[in-house]
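# Examination of the molecular architecture
Each chain, written out:
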Amino acid sequence: MFATNHTKRLLSAAVSSLVLLTLPAMAVESKGEIAPEITMARGSLELAETLGVNRIFRSEEGFPGFTAANDVAKSLLRESGLKADLELKYNESGSALYATLKEDPSAYFRMDTRTGDFSFSKGLAKYSDPSDTKGLPGKDEAIDLALAHLERLGLMPKDGDQLVVQGVGGVGMSAQDEKGIVRDFEKLTSVHFGRQIDGIKVGGPGSKIVVHLGQDGELVGLHKRWIELQAMEKVSRESFLKEAEIKERALKHLQTEWNKASKIVTVLPEPGYFDDGKGHIEPVYFVQATIQHELEGGARDADNQNPAPYLGVIPALRYSVADLRQLAPATKAPDIDAGPNAKVRRDNSDE
């Protein structure tokens, strides 16, 4: 089930041990191109409604207002130890409140006035030198420190059981020494939190909190894209797509997204929840596949590199309102900007 094993699954190994259903290459009438050959594992789906993935959620609240946003900014300044004032103002379109420091443009606060999502950085001037940051916390300590920061800031979700650690990584920097040798330096440790509902992990751009930690575990940055939920009634069985429809939509989704691929191998769609970051959480099916392209001269990816993994999403409901394709303008506030030399690392071993 997507809730527990989607990030650990090695698709090529999993698929090779299954009996497969192949959708042969076919002409795409609108363009006269040849659609990729798609191979899907045979078998029965785990249906969302059977596994209890049968509720929809809407945002309980969005933008808290100027005064509350200003209070959040001030509390972040205090928690990070930054002795400065950030004067909030609306951007030209009115879609965000923001402030930056003249002395260090990498120090900022920004809140989306539609969703209440926000990002904060105390600034990276202190971390700009080519050296490893002293006192960077390890994985377990970083998780404890991140939770402590959220608690003191009053930013813990109302239902603490929904908050799960997705991974611990960080931000690094590359610099060239006097001999021309490029060296990598560890600058920040980052704790990535996600959401689970009734033990089912939530995918999508929403339901994310990222805490960036620096020297001795100080708070350097925080990004929060998390809505409190207003539970709706359970979805009736008649509202869910049938198994045959789900498989057909998964195949069409792959054909549309990867119409120039030569071959696609996919496991059966897996049920889960999806947060579109715009106030909607709904049951969906996640589509996992490996994508292979034919290179010049007829060579395939497998001749010189591994086929690329892909994770997509299709609706589980007949009448879905969540933005699964993210075609509308996103409301995501920018995450911490560590500059042009920044390198992000991520340890996903816990996913």
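Just so it is clear, the model here is predicted, and its values are computed rather than measured.

So, about the overall build of the chain. Secondary structure summary: the chain contains six helices and 20 strands in total. Burial status across the chain gives 48% buried among its 351 residues. Summed over its atoms, the accessible surface of the chain is roughly 17,700 Å², and 50% of this surface lies on carbon and sulfur atoms.

A residue-level look at the chain finds 79% of positions with pLDDT of 70 or above and a mean pLDDT of 82. When the criterion is pLDDT under 50, residues 1-32 qualifies, and its contacts beyond four places in sequence or with other chains add up to 70 contacts. Counting contacts from residues 328-351, a segment whose pLDDT is below 50, to residues more than four positions away or on other chains yields 77 contacts.

Once that is clear, we can look at the side chain of Lys 224. If you trace the backbone, Lys 224 turns up in strand β14 (residues 219-225). One buried charged side chain, Lys 224, makes no salt bridge at all; its nearest oppositely charged neighbour is Glu 228, positioned 5.3 Å away. Setting aside residues up to four positions removed in sequence, Lys 224 forms contacts with Asp 117, Phe 118, Leu 155, Lys 208 and Ile 209.

This part covers the packing of aromatic side chains. One pass over the structure, following the stated rule, counts four aromatic pairs. Summarising the aromatic geometry, the rings of Phe 57 and Tyr 273 are spaced 5.9 Å apart at their centres and angled 70° between planes, so their arrangement reads as edge-to-face. Within this pair, whereas Phe 57 is found in strand β5 (residues 55-59), its partner Tyr 273 is found in strand β17 (residues 270-275), the two being separated by 216 residues in sequence. Both residues of the pair, Phe 57 and Tyr 273, count as buried. Taken together, a centroid distance of 5.5 Å and an interplanar angle of 80° make the contact between Trp 258 and Tyr 310 edge-to-face. Placement of the pair is Trp 258 in the loop between α6 (243-257) and β16 (263-266) and Tyr 310 in strand β19 (residues 308-315), with a sequence separation of 52 residues. Owing to a relative accessible area of 16%, Tyr 310 belongs among the buried residues under this scheme.

As a further point, take the pairing of β5. Relative to strand β15 (residues 229-234), β5 runs antiparallel, the two sharing four bridges. Along β15, the bridge assignment pairs Ser 59 with Leu 229. Pairing between β5 and strand β18 (residues 280-292): two bridges, direction antiparallel. Opposite Arg 58, over in β18, you have His 280 as the bridge partner.

Over its 15 residues, helix α5 (residues 139-153) extends 21 Å from the first C-alpha to the last, a length consistent with the 21 Å expected when each residue adds 1.5 Å. Taken residue by residue, α5 has Ala 142, Ile 143, Ala 146, His 149, Leu 150 and Leu 153 as its buried positions. The buried residues of α5 all sit within an arc of 125° when viewed along its axis, so they share a single face. Residues Asp 140, Asp 144, Glu 151 and Arg 152 are exposed on α5 and point more than 90 degrees away from its buried face.

A word on the pattern of salt bridges. A full pass over the atoms with the stated rule returns 13 salt bridges. With a closest N to O distance of 3.4 Å, Arg 225 and Asp 117 form a salt bridge. A residue pair is termed long-range when its members are at least 10 positions apart, and Arg 225 in strand β14 and Asp 117 in the loop between β8 (107-112) and β9 (118-122) qualify at 108 residues. One network of salt bridges, in which partners are shared, links Lys 122, Lys 126 and Glu 218.

Before going further, it helps to examine the environment of Val 267. Relative to the helices and strands, Val 267 is located in the loop between β16 and β17. Exposure remark for Val 267: the relative accessible area of 4% places this residue in the buried category. Taking the C-alpha atoms as reference points, Val 267 and Thr 39, 228 residues apart in sequence, are found 8.4 Å from one another.

Reading guide: rules and limits
Residues numbered from 1 in each chain as written. Predicted model: local features only at pLDDT ≥ 70, side-chain atom pairs only at ≥ 80, totals over all residues. Heavy atoms only, no water. Helix = DSSP H or I, 4+ residues; strand = E, 2+ residues; numbered from the N terminus. Buried < 20%, exposed > 50% of the residue type's maximum accessible area, 1.4 Å probe, protein only. Areas by Shrake-Rupley, 256 points an atom, 1.4 Å probe, with all protein chains shown as cover. pLDDT = per-residue confidence, 0-100. Contact = heavy atoms within 4.5 Å. Lys, Arg positive; Asp, Glu negative; His and termini not counted. Salt bridge = Lys/Arg side-chain N within 4 Å of Asp/Glu carboxyl O. Phe/Tyr/Trp six-rings, centres within 6.5 Å; stacked < 30°, edge-to-face > 60°. Pairing = 2+ DSSP bridges. Expected span 1.5 Å × (residues − 1). Arc of directions from axis to C-beta.

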